[in-house]
Number of protein chains: 2
Amino acid sequence: MTEGTDRVGGGAGKGDAREAVAPRRVTMTPGARRVLGAAARLFYDRGIHAVGVDLIAAEAGVTKKTLYDRFGSKEQIVVEYLADRDERWRVFLAGYLDAAPTPRDKAVAVFAASRDWAVGHMAKGCGMVNAHAEISDPAHPAYAIIAGQKAWMLGLFTGLAAEVVPRGAERLGRTLMLLHEGALVASGLRVFPGAIEQARRDAEELLRRAAAVDPAHG
Amino acid sequence: MTEGTDRVGGGAGKGDAREAVAPRRVTMTPGARRVLGAAARLFYDRGIHAVGVDLIAAEAGVTKKTLYDRFGSKEQIVVEYLADRDERWRVFLAGYLDAAPTPRDKAVAVFAASRDWAVGHMAKGCGMVNAHAEISDPAHPAYAIIAGQKAWMLGLFTGLAAEVVPRGAERLGRTLMLLHEGALVASGLRVFPGAIEQARRDAEELLRRAAAVDPAHG
DNA sequence: GCTGAAGTAGACCGATCTGTATACCTGCTT
DNA sequence: AAGCAGGTATACAGATCGGTCTACTTCAGC
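We now turn to the structure provided with this report. (Residues numbered from 1 in each chain as written. Chains lettered and ligands numbered in written order. Predicted model: local features only at pLDDT ≥ 70, side-chain atom pairs only at ≥ 80, totals over all residues. Heavy atoms only, no water.)

1. Examining the relation of the copies chain B and chain A
(1) Moving on: Superposition record for chain B on chain A: RMSD 0.0 Å, screw rotation 180 degrees, translation along axis 0.0 Å. Expressed as an axis order, the relation between the two copies is that of a two-fold axis. Taking C-alpha positions as reference, the residue of chain B nearest the rotation axis is Gly-182 of chain B, located at 1.8 Å.
(2) Moving on: The residues that chain B uses at the interface reappear at the interface of chain A in 100% of cases, marking a shared surface. (Least-squares fit on C-alpha atoms with pLDDT ≥ 70 in both. Contact = heavy atoms within 4.5 Å.)

The structure is reproduced here in structure tokens:
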């Protein structure tokens, strides 16, 4: 299972945004792009099962024939929606990662990226988690995308943690992962305001203490 | 049968399990109980919108007429499902809380309760978070139950934190909340094995350090 | 000038959705 | 003995679901 999914990259946690994910079977014509845009908004806001293809087509300003000519099925639209969201997030995150000089800064930058990404993109929590709530079959093609993003994020955190502390990196990376996931949920559910920012500060403190115990690296 | 059955009491985090939630409008006949049981399993496993009332009735061994005579609508079944799940969880948690002597132990016991509750009850993450993913309208009656449980959990954590550290209790309580929510998500998504147990240990360490800084209380 | 890709417009299909109706049966309680 | 709550069995209604189909249009490239 845990085959070396991806290098989290020494310097800048890079990684192909589409590793191991089936290549795009859809030719992205202008109409298809509008369909994907409308579907992304509707699926995220209202839930996947609650949105019909007729509504997607209407919101996209295309006919159902165009929709089916491009995507073939609703399931494929769901897959493209999740794959596209995953890709956009990784690109967005890469900017924050590249701007952070040290591994510790990079780890903290993930939270800053999520905090900023949440504005306009995550009013209802993590799209992957929400999609997972509606998918029961692990054989569903969307499953791999969801699990893939989470595995990649965990790899990113543990990889960065390994550069902060030689020993106990897995433990630290996992704790950062828990903090991050919890922040997304708390933000989406509006449990308290500024959840992601608080998680960012918590991560900062956690990393500072971890580095203090083992000050080999900065 | 609809009286405020349980009280979660303990050192902190008091609150009726049904505070501010509409009283049960449904008379729980044997048939209604079977409907609720079947609906709970199906809603959690497959998602709310993916499950039809015909399937619920069939799985419950009841006709659709009985189902509608008791609940009136599918929406009401959803509400009862969430209210019932919330109540069961609070009762389950109360046992762990009562058995823990100190506030610190109680806070850690929440994670232990979730870890044990997950066996058989939470293979797909938090039912409230998953339901939230499928509900778009904040005016939906289920919304209050979902938000109510999260607010209650936050109050529980911050209340216990206040007994550990006089100052910075809100910050500590919120961090515990983030850790806990993240653990539920990571457990449901199977990001890595033993997520809730690791969160329990993280919370333990966090509370020990917090108490060490301000050793007024145990 | 023709072809093919990308599109609109809209009818249509069978299945499934939530919800209702009619008729009958059973076991308690008064 | 009567009445009623709780139930079975089943048919039905109107809407919506995912998906297909025919016919026509527009436009770029060879």
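Next comes the rest of the write-up.
2. Quick look at the packing of aromatic side chains
All names here are of chain A.
(1) Moving on: Here the structure, examined in full by the defined rule, presents twelve aromatic pairs over all chains.
(2) Moving on: Geometrically, the ring pair formed by Phe-92 and Tyr-96 is tilted, given 5.2 Å between the ring centres and 40 degrees between the ring planes. Of this pair, Phe-92 and Tyr-96 are both found in helix 4 (residues 74-99), four residues apart, which corresponds to roughly one turn of the helix.
(3) Moving on: Residue Tyr-96 is classed as partly exposed on the basis of its relative accessible area, which comes to 24%.
(4) Moving on: Here a set of aromatic residues connected by ring pairs shows up, and it is made of Trp-89, Phe-92, Tyr-96 and Trp-117.
(5) Moving on: Of note, Arg-90 hangs over the ring of Trp-152, and the distance from its end group to the ring centre comes to 4.5 Å. (Phe/Tyr/Trp six-rings, centres within 6.5 Å; stacked < 30°, edge-to-face > 60°. Helix = DSSP H or I, 4+ residues; strand = E, 2+ residues; numbered from the N terminus. Buried < 20%, exposed > 50% of the residue type's maximum accessible area, 1.4 Å probe, protein only. Lys NZ or Arg CZ within 6 Å of the ring centre and 35° of its normal.)

3. Observations regarding the interface of chain B and chain A
(1) Moving on: Opposite the 40 residues of chain B that make contact, chain A presents 40 residues.
(2) Moving on: In total, chain B and chain A occlude about 3400 Å² of area from one another, counting both sides; carbon and sulfur atoms represent 66% of this.
(3) Moving on: The three residues of chain B that bury the most area against chain A are Arg-171, Leu-178 and Leu-189 of chain B, which together make up 18% of that side's buried surface.
(4) Moving on: In this assembly, chain B and chain A are joined by four salt bridges.
(5) Moving on: For Glu-205 of chain A, the salt bridge goes to Arg-171 of chain B, with nearest N and O atoms at 3.7 Å.
(6) Moving on: For the pair chain B and chain A, the interface holds 14 residue pairs in polar contact (both at pLDDT 80 or more).
(7) Moving on: For the side of chain B that touches chain A, the leading source of residues is helix 8 (residues 169-189) of chain B, giving 13 residues. (Buried area = accessible area lost by both parts, 1.4 Å probe. Salt bridge = Lys/Arg side-chain N within 4 Å of Asp/Glu carboxyl O. Polar contact = N/O pair within 3.5 Å; in protein donor to acceptor, adjacent residues only side chain to side chain.)

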